[in-house]
Amino acid sequence: MTLVLHRTESVYYPLTLVRPDGTGDATDADRALLARLAPHLTRAMRISLELDLARHQRGAMEQSLARIAIAVLLLDRRKRVVFANPAAEKLLASATALTLANGALAARAARSHRELQKAILEVIGREPGAGAEIGIEREDGRPLLATVLPIAPEGPFTPLAENAACCAIFVSDPDALQTSRSRAVAQNYGLTPAETRLLDSILSGAGLARAAEEMGVTVATAQTHLKRVFSKTGTGRQGQLINLVMTSAPPLWSRD
């Protein structure tokens, strides 16, 4: 006697009951027992499939976030980090801007810390319009850009879990973002290594003479490189070239 617990277009999951002696038909009592068990067995199969799907989705999410260049952190109601992708782990390990204090996320600079804590508390408290974009000062380089957003609970029991994520923080490095954009433009427009170095110097604010000095070439050679960059990118002035780079979409994934 066979009961189909779950069926799709391509597969099905049967449960077959066989008499101990292997002979004879199922009795009415056997059929009645299976009829009583059927709803519970079917529900157990559905829950198993849902859990398996949830595990698969979590694994896919973690694999995707592992390649994202932006740091992603998830916090619970106690402001503790319950998830950090590799970019976030690297950022926390450097301790130049963000750190952990008893498991809770904190900014090293006092002003940044106040703004970050205010944004997190508003999100955790589910205040209307909660969420913010703030700058996180660091020891060197321009401030990091952090976006703090709420995560809505998925089910009735989610809020009861102490380690349930309720706050997402995305942190990007504008300096690294500029470098990524520069590399993307160099690849898309076929710039040579020398032309790419000149582009990086221009983006850093160096004039042509300073760029030539940094590259160890004459100003005339730097001018030749710049003309080739203009020709390849379809620009005619340094301002247009910088605008092209800054409006280009940087790669979201990391090669590391």
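As a starting point, this report considers the structure included with it.

**A closer look at unusual backbone geometry**
Most peptide bonds take the trans configuration, and most residues that are not glycine carry a negative phi.
Here comes step 1: Within the chain, Ala95 stands out as a residue other than glycine whose phi angle is a positive 55°.
Here comes step 2: For Ala95, the location among the structural elements is in the loop between α2 (86–94) and β5 (98–101).
Here comes step 3: Backbone geometry at Arg126 places phi at a positive 55°, although glycine is not the residue there.
Here comes step 4: Assignment of secondary structure puts Arg126 in the loop between α3 (110–124) and β7 (132–136).

**Considerations on the side chain of Thr196**
Here comes step 1: Residue position: Thr196 is located in helix α5 (residues 193–203).
Here comes step 2: Apart from the residues within four sequence positions on either side, Thr196 is in contact with Arg183, Ala186 and Leu191.

**A few points about the packing of helix α7 (residues 219–233) against helix α8 (residues 238–246)**
Here comes step 1: Close contact between α7 and α8 brings their axes to 11 Å; oriented N to C, the two are set at 55°. On the basis of the axis angle, α7 is oblique to α8. α7 and α8 meet at a crossing whose hand is left-handed. Contact with α7, carried on its side by Leu226, Val229, Phe230 and Thr233, involves Gln238, Leu241 and Leu244 of α8 and no other residues of that element.
Here comes step 2: In terms of residue class, the contact of α7 with α8 is built from five nonpolar, two polar and no charged.

**Some details on the sheet that holds strand β8 (residues 144–150)**
Here comes step 1: Here five strands make up an open sheet; going across it, the order is β4-β3-β9-β8-β7 and the pairing antiparallel. Among the strands making up the open sheet, the edge pair consists of β4 (81–84) and β7. The mean angle between the axes of side-by-side strands here comes to 25°, regardless of whether they run parallel or antiparallel.
Here comes step 2: One ladder, built from five bridges, connects strand β3 (residues 71–75) with strand β9 (residues 167–172); its direction is antiparallel. Within β9, the position partnered with Ala71 by the bridge is Val171.

**Regarding α3**
Here comes step 1: The end-to-end C-alpha distance of α3 is 21 Å, a good match for the 21 Å that 15 residues give at a rise of 1.5 Å each.
Here comes step 2: Taken residue by residue, α3 has Ser112, Leu116, Gln117, Ala119, Ile120, Glu122, Val123 and Ile124 as its buried positions.
Here comes step 3: Residue Arg126 follows α3 closely and has a positive phi angle near 55°.

**Side note on the pattern of salt bridges**
Here comes step 1: As enumerated under the stated definition, the model contains 14 salt bridges in all.
Here comes step 2: Note that Glu214 is salt-bridged to Arg210, the shortest N-O span being 3.4 Å. Of this pair, Glu214 and Arg210 both sit in helix α6 (residues 208–215), separated by four residues, roughly a single helical turn.
Here comes step 3: According to the relative accessible area criterion, Arg210 is partly exposed, its value standing at 48%.
Here comes step 4: Each member of the salt-bridge network shares a partner with another, and the members are Arg138, Arg142, Asp173 and Asp175.

Reading the values: the criteria
- Residues numbered from 1 in each chain as written.
- Predicted model: local features only at pLDDT ≥ 70, side-chain atom pairs only at ≥ 80, totals over all residues.
- Heavy atoms only, no water.
- Helix = DSSP H or I, 4+ residues; strand = E, 2+ residues; numbered from the N terminus.
- Contact = heavy atoms within 4.5 Å.
- Axes fitted to C-alpha atoms, helices over the stretch in contact; angles between N-to-C directions.
- Parallel < 35°, antiparallel > 145°, perpendicular 65-115°, else oblique.
- Left-handed = near helix turned anticlockwise from the far one by under 90°.
- Nonpolar A, V, L, I, M, F, W, Y, C, P; charged D, E, K, R; others polar.
- Pairing = 2+ DSSP bridges.
- Expected span 1.5 Å × (residues − 1).
- Buried < 20%, exposed > 50% of the residue type's maximum accessible area, 1.4 Å probe, protein only.
- Salt bridge = Lys/Arg side-chain N within 4 Å of Asp/Glu carboxyl O.

Everything listed here is a matter of geometry and, on its own, says nothing about what the molecule does.
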